[in-house]
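Spelled out from the first residue to the last, the chains are:
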Amino acid sequence: MCGIIGYVGYRNTVPVLITGLERLEYRGYDSAGIACVDHQKDGLILIKEKGKLGVLKEKLGDFAIEAHIGIGHTRWATHGEPSRANAHPHVDASGKIALVHNGILENYAAVKSILQKKRVRFLSQTDTEVGVNLIGAYYRKTGKLFDAVKRAVQELHGYFAFVLFSKEDPETLIAYKRSNPLVIGLGQGENFVASDVTALIPYTRQVIYLEDEDLAVITAQKISVYSLKTKTWVKRHPTTVHWDVSQAQKQGFPHFMLKEMYEQPEVLKNILAKRTPGSGEIFFDTLDKKFQKRLREIERVSMISCGTAYHAGLVGAIALEQYTRLPCRTQVSSEFRYGDPILNTKDLVVLITQSGETADTLAALREAKAKGAATLAVVNVVGSTIAREADAVIYTHAGPEIGVASTKAYIAQLATLLLLAFYMAKIRKTISPADLKELLREFKKMPQHCARVLKDIKKFESCAEKHYTRRNFLYLGRGCNYPTALEGALKLKEISYAHAHGYAAGEMKHGPIALIDHEQPVICIAPESKTYDKMISNVQEILARDGIVIAIGTDGQKDLKKMADDFFAIPRVPEILSAILTVIPLQFLAYKIAVLNGRDVDQPRNLAKSVTVE
Ligand code: G6P
């Protein structure tokens with residue numbers, strides 16, 4: 001959470017910082033700020049405001065700044081309410097050092113009281129101000145910023161990333177990473193540093209992903225990296241980013257979320273092109289022979305993730321268990337990591353994450369590794385921490401996802417996990433070549449089916465119009481569409497702030513049925529499946545109590561269509577593939593309801609796309 005950016009070079013830094021922050025704003029948006037050193041006046045300029053980046057941009061309109069070094073921040077509050085004083089950058093008591101921070105300094109209270117005894121005055125409630133003042137204290141002693149940062153970070157506990165400079169050396173940025181992401185962008189006569197590559201792609205494709213305990217010294221001409229782990233200067237090799245700039249722009253859509261929903265057929269097409277080059281083939285370029293051997297030998301699987309990725313894991317686990325007959329559990333990362341899980345070398349732990357930075361999922365990965373399990377990350381953001389730390393990684397290739405409510409990254413996770421299940425079944429010989437060929441033949445039609453669902457989706461608009469003022473929604477599904485019910489409810493909650501609850505339809509009688517009356521919409525996800533008749537019984541039970549049925553079914557289900565108040569049909573597909581399609585009308589329903597309520601769809605309150613605090 002929180003987005004940080006730094007720039008040093010020949011351009012005026014202010015527009016670079018603002019463009020970067022616009023692209024990082026999905027990481028947090030309760031306040032924003034920049035600090036730079038004015039070229040003419042030689043002074044440190046600090047401008048920050050409570051609220052979204054737009055408020056800061058308006059404020060900046062009053063200034064004519066010409067600066068060639070600067071740092072910027074967009075905040076998701078951890079310590080201290082959103083306010084101007086708590087917004088970053090923070091400056092040390094001497095007024096020389098400005099710093100932006102992502103993460104948490106866990107021992108800030110102890111360090112703060114030591115500094116207070118030395119008469120350092122604090123202006124905010126943040127842990128960040130403690131960090132910059134500790135650096136400031138050492139800077140006053142040594143006169144060298146690099147040494148001061150090196151000493152200070154070793155005293156600070158927690159996971160965090162810093163970018164900072166001193167106005168006394170307005171040519172040099174210092175960056176430090178511990179767990180939270182930092183990536184350096186390489187330019188000609190300029191260099192950049194940011195929380196993620198989306199902020200850098202307008203300027204450069206050449207990037208260096210910093211590793212944990214890296215302390216980087218960045219000037220316009222040079223980048224030097226010192227590793228606090230090895231206590232040596234190290235060479236970090238640049239990699240090329242292939243993301244398209246246009247993918248991080250709205251391209252005429254009113255919201256990123258809607259644009260990203262419409263990208264879903266293309267995402268599926270890309271995944272299939274990469275993973276299924278031949279008719280009965282599944283190919284994961286990043287799984288080497290050694291890891292493939294491990295996959296053949298494992299005896300149990302755990303799917304670990306948070307939020308939407310957790311729902312993808314639920315579907316993945318159903319497919320994996322069904323096709324490989326391996327026991328497969330699913331757990332949210334925060335429960336897994338503190339649950340002292342029983343793991344050994346015969347376990348496979350699959351970490352599913354869009355960002356590759358979620359703090360609990362990262363901790364779960366480390367726990368699994370420490371216990372000797374094979375770890376496989378299913379990640380969207382290339383080069384992210386989880387992708388780098390796992391024994392093996394499979395990228396989901398959804399491209400940058402900016403909307404805080406995940407859509408195309410979810411579809412990409414589902415497709416990738418299903419292909420992984422089929423692949424494991426193939427290498428463990430639990431699926432016949434003929435069955436696999438048939439499954440893949442059906443899978444290859446998914447981009448087309450997905451495009452059709454999106455073409456029909458406007459028909460569902462009237463459903464949103466009928467119900468957008470309601471405050472309670474119930475979602476029911478079974479089998480691989482029980483996770484769809486959870487995901488549909490999560491989408492609605494996240495962006496419309498209505499209460500929505502996803503339930504396994506078979507559990508309806510054990511509680512939720514008490515909610516049903518003439519005002520209760522129940523979204524029933526009932527495509528063709530082995531439990532279709534059971535879903536129909538649930539629908540009857542809802543109707544018998546005067547509830548409102550909104551049904552997601554399959555083409556040709558006349559009975560369900562007749563019973564439902566609103567009905568949306570997906571094309572006929574094998575049950576295990578249906579979850580890729582049934583979620584799309586639910587994404588749209590949530591989107592429309594949020595828009596009709598005037599919500600901020602791409603940046604819903606209190607949320608952030610990348611949860612890098614625990
Ligand atoms: C946040 C985001 C969700 C996401 C979850 C897990 O809550 O708002 O969209 O599903 O984190 O994130 P990850 O990057 O690990 O998939």
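Look up: the structure comes first, before these words.
Just so it is clear, the structure is predicted and the values come from calculations on it, not from any experiment.

Focus: helix H1 (residues 13-24)
Then, in step 1: In a regular helix each residue adds 1.5 Å, so 12 residues correspond to 16 Å; H1 covers 16 Å between its end C-alpha atoms and thus fits that length.
Then, in step 2: For H1, the tally of buried residues reaches 9 of 12 residues, placing the bulk of the element in the interior.
Then, in step 3: Thr-13, Val-14, Val-16, Leu-17, Ile-18, Gly-20, Leu-21, Arg-23 and Leu-24 are the residues of H1 that are buried.
Then, in step 4: Looking at the buried positions of H1, the neighbouring elements they touch are strand E1 (3-9), strand E2 (31-38), helix H2 (53-60), strand E4 (67-75) and strand E10 (190-194).

Points about the packing of aromatic side chains
Then, in step 1: Across all of its chains, the model carries 12 aromatic pairs by this definition.
Then, in step 2: Judged by centre distance (5.3 Å) and plane angle (70 degrees), the ring pair of Tyr-226 and Trp-233 falls under edge-to-face.
Then, in step 3: Exposure remark for Tyr-226: the relative accessible area of 8% places this residue in the buried category.
Then, in step 4: In this structure, Lys-52 packs its charged tip against the face of Tyr-29, placed 5.1 Å from the ring centre.
Then, in step 5: The aromatic ring of Phe-122 is capped on one face by Lys-112, whose charged end is 5.1 Å from the ring centroid.

So, the packing of helix H3 (residues 108-117) against helix H4 (residues 128-142)
Then, in step 1: H4 packs onto H3 with a crossing angle of 45 degrees between their chain directions and a minimal axis gap of 10 Å. If you check the angle between H3 and H4, you find them oblique. Seen along the crossing, H3 lies across H4 with a hand that is left-handed. Along the contact surface, H3 presents Tyr-108, Val-111, Lys-112 and Leu-115, while H4 presents Val-130, Asn-133, Leu-134 and Ala-137.
Then, in step 2: When its residues are assigned to classes, the contact of H3 with H4 shows 6 nonpolar, 1 polar and 1 charged.

Observations regarding helix H5 (residues 145-155)
Then, in step 1: All of the buried residues in H5 are Leu-145, Phe-146, Ala-148, Val-149, Ala-152 and Val-153. Here the buried residues of H5 occupy an arc of 160 degrees about the axis, which is enough to place them on one side.

A few points about the site of the ligand
Then, in step 1: Around the ligand, a shell composed of 13 residues is seen, among which Thr-308, Thr-353, Gln-354, Ser-355 and Thr-358 lie nearest.
Then, in step 2: The backbone of Val-404 places a nitrogen or oxygen atom 3.4 Å from an oxygen atom of the ligand.
Then, in step 3: Among the elements that take part in the shell around the ligand, helix H9 (residues 307-324) stands out by supplying 3 residues, more than any other.
Then, in step 4: Here the residues of the shell around the ligand are counted per class, giving 5 nonpolar, 7 polar and 1 charged.

Remarks on the pairing of E2
Then, in step 1: For E2, the tally of buried residues reaches 8 of 8 residues, placing the bulk of the element in the interior.
Then, in step 2: By the alternation rule, side chains of E2 split into Ser-31, Gly-33, Ala-35 and Val-37 and Ala-32, Ile-34, Cys-36 and Asp-38, which are all buried.
Then, in step 3: With 7 bridges joining them, E2 and strand E3 (residues 44-50) adopt antiparallel strand pairing. Within E3, the position partnered with Cys-36 by the bridge is Ile-45.
Then, in step 4: One ladder, built from 7 bridges, connects E2 with E4; its direction is antiparallel. Looking across to E4, one finds that Gly-33 is bridged to His-73.

Thresholds, definitions, all that
- Every chain begins its residue count from 1, and numbering advances along the sequence as written.
- With pLDDT at 70 or above as the cut-off, local features in this predicted model cover only qualifying residues; side-chain atom pairs require 80 or more to be listed or tallied, and sums for whole chains, interfaces and linings still use all residues.
- Note that water and hydrogens are dropped before the side-chain values are worked out from all heavy atoms of the structure.
- Counting from the N terminus, the helices are DSSP H or I runs at least four residues long and the strands are E runs at least two residues long.
- Expected helix span is computed as 1.5 Å times (number of residues minus one).
- Buried, partly exposed and exposed residues are distinguished by accessible area as a fraction of the type maximum, computed with a 1.4 Å probe on protein chains only: under 20%, between the cut-offs, and over 50%, respectively.
- It only takes one pair of heavy atoms within 4.5 Å for two residues to be counted as in contact.
- In summary, the pairing rule links any two rings of Phe, Tyr or Trp, Trp by its six-membered ring, whose centres are within 6.5 Å, and it sorts them by plane angle into stacked for under 30 degrees, edge-to-face for over 60 and tilted for everything else.
- Charge-over-ring placement is defined geometrically: NZ (Lys) or CZ (Arg) within 6 Å of the ring centre, and within 35 degrees of the ring normal.
- Comment: axis = line fitted to C-alpha atoms, over the contacting stretch for helices; angle = value between 0 and 180 degrees taken between N-to-C directions.
- Note on terminology: angles under 35 degrees are roughly parallel, angles over 145 are roughly antiparallel, angles of 65 to 115 are roughly perpendicular, and the others are oblique.
- By the definition used in this description, the sense in which the near helix is turned from the far one sets the handedness, with an anticlockwise turn below a right angle giving left-handed and a clockwise turn giving right-handed.
- Nonpolar residues are Ala, Val, Leu, Ile, Met, Phe, Trp, Tyr, Cys and Pro. Charged residues are Asp, Glu, Lys and Arg, and all others, Gly as well, are polar.
- In this context, the arc is that of the directions from the helix axis out to the C-beta atoms.
- For this purpose, a residue is taken to be near a molecule or strand whenever a single non-hydrogen atom of the residue falls within 4 Å of it.
- N or O atoms closer than or at 3.5 Å make up a polar contact, with two conditions inside protein: a donor-capable atom paired with an acceptor-capable one, and, for residues adjacent in sequence, both atoms drawn from side chains.
- At least two bridges found by DSSP between two strands is the condition for calling them paired.

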